[in-house]
Structures are given as structure tokens and as C-alpha cells.
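# Overview (structure and organization)
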Amino acid sequence: QVQLVESGGGLVQPGGSLRLSCAASGSIFNINVMGWYRQAPGKERDLVATIASDGTTNYRNHVKGRFAISRDNAKNTVYLQMNSLKPEDTADYYCKAETWGYHDYWGQGTQVTVSS
């Protein structure tokens, strides 16, 4: 089992920045890929960015150049640095851990609101 706890969400003005954190605990040695997903009201949950155990990253086009995912294996934490935020980035952001055995674990989510 893997437990994930997100933090760092909040209210920010357009053009501002936030950094989300996701702390993993439990069977962390089983984790391969970690990622951030988001779900806006009335919409499906979508991929934002992922980072594999070898550091390989992947981003959805709409966040490339504005968001950066990183991973601190010593702290068992993955981060999402979000810059140049837009109102359309408003959503609940979820952390996901994918194990080598292809099991997925999700955090409880953290809310991000971009508004003036």
C-alpha cells in the first residue's frame, strides 16, 4: 500500500505561482511513476505531468513551459511548480503513484483556484 498526501493548493491571482507537494509513505520502494492530475468542475480528471523513477518527465501541452514536475527521492516527495497560472488552471489537483506492479494510488486532492 502507498499513501499520498498533497499540500500547497490555494487561491492565487492570474499570473501567479504555486508549488504543490505530494508526500508518499508506505511501500514507496514499489513506486515507479508519480504524477499530477487535475479535475475541473464538471470535467474528467486529466493528466498534468508525470515523472518516472529515472527522472523522465512528461507534460500535457497546455502546461508545457509553465509547470515543472520534480521528485525528491530522499524525501519521498514529488512537487509541481506552477507558474504563470491562468483561470483555466483552476481545478482539484491529485497526486498519483504507479507501482512497478501497475497498481495506482491516489491522494485526496488539493484545490487550486486562479482568480482575481
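Scroll up a little and you will see the structure.
Below: a short report on this structure. (Residues numbered from 1 in each chain as written. Predicted model: local features only at pLDDT ≥ 70, side-chain atom pairs only at ≥ 80, totals over all residues. Heavy atoms only, no water.)

Let us now look at the sheet that holds strand β1 (residues 2-7). Judged by pairing direction, the sheet is antiparallel, and its four strands sit side by side in the order β1-β3-β8-β7 without closing on themselves. This sheet does not close on itself; its edge strands, each paired only once, are β1 and β7 (67-72). Recorded for the sheet is a direction-independent mean angle of 15° between the axes of neighbouring strands. The pairing of β1 with strand β3 (residues 18-26) spans six bridges and is antiparallel. Of the residues in β3, the one forming a bridge with valine 2 is glycine 26. (Pairing = 2+ DSSP bridges. Helix = DSSP H or I, 4+ residues; strand = E, 2+ residues; numbered from the N terminus. Axes fitted to C-alpha atoms, helices over the stretch in contact; angles between N-to-C directions.)

Turning our eyes to something else, we now look at the packing of aromatic side chains. Aromatic rings in a pair are described by how distant their centres are and how their planes are angled relative to each other. Considering all chains together, one arrives at one aromatic pair under this definition. Considering the side-chain rings of tyrosine 37 and tryptophan 106, the 5.1 Å spacing of their centres and the 65° angle between planes classify their relative orientation as edge-to-face. Separated by 69 residues along the polypeptide, tyrosine 37 in strand β4 (residues 31-39) and tryptophan 106 in strand β10 (residues 104-106) bring together distant segments of the chain. Overall, the relative accessible area of 14% leaves tyrosine 37 in the buried class. Assessed through its relative accessible area of 37%, tryptophan 106 is described here as partly exposed. Stacked on the ring of tyrosine 94, the Lys or Arg arginine 45 has its end atom at 3.6 Å from the ring centre. Just above the ring of tryptophan 106 sits the side chain of arginine 45; from NZ or CZ to the centre is 4.6 Å. (Phe/Tyr/Trp six-rings, centres within 6.5 Å; stacked < 30°, edge-to-face > 60°. Buried < 20%, exposed > 50% of the residue type's maximum accessible area, 1.4 Å probe, protein only. Lys NZ or Arg CZ within 6 Å of the ring centre and 35° of its normal.)

As a further point, take the nonpolar core. By size, the foremost hydrophobic cluster in this structure holds 28 residues, and its most contacted members are Leu4, Met34, Trp36, Leu80, Met82 and Tyr93. The set of elements that each furnish at least two residues to this core consists of β1, β3, β4, β5 (46-51), β7, β8 (77-82), β9 (91-99) and β11 (110-114). Every residue in contact with leucine 80, bar those within four places of it in the chain, is listed here: Leu18, Arg19, Leu20, Trp36, Val48, Ala49, Phe67, Ala68, Ile69 and Tyr93. (Core = buried A, V, L, I, M, F, W, Y, C linked by side-chain atoms within 4.5 Å. Contact = heavy atoms within 4.5 Å.)

Let us look at the layout of surface pockets. By volume, the largest pocket amounts to about 160 Å³. Surrounding the largest pocket, Arg38, Gln39, Ala40, Lys43, Glu44, Asp46, Arg60, His62, Glu88 and Ala91 form its lining. Here the lining of the largest pocket is built from residues that sort into two nonpolar, two polar and six charged. (1 Å grid on protein atoms, 1.4 Å probe; cavity = no way out; pocket = protein on both sides within 12 Å on 5 of 7 lines; lining within 4 Å. Points joined across faces, edges and corners; volume = space filled by probe spheres on them. Nonpolar A, V, L, I, M, F, W, Y, C, P; charged D, E, K, R; others polar.)

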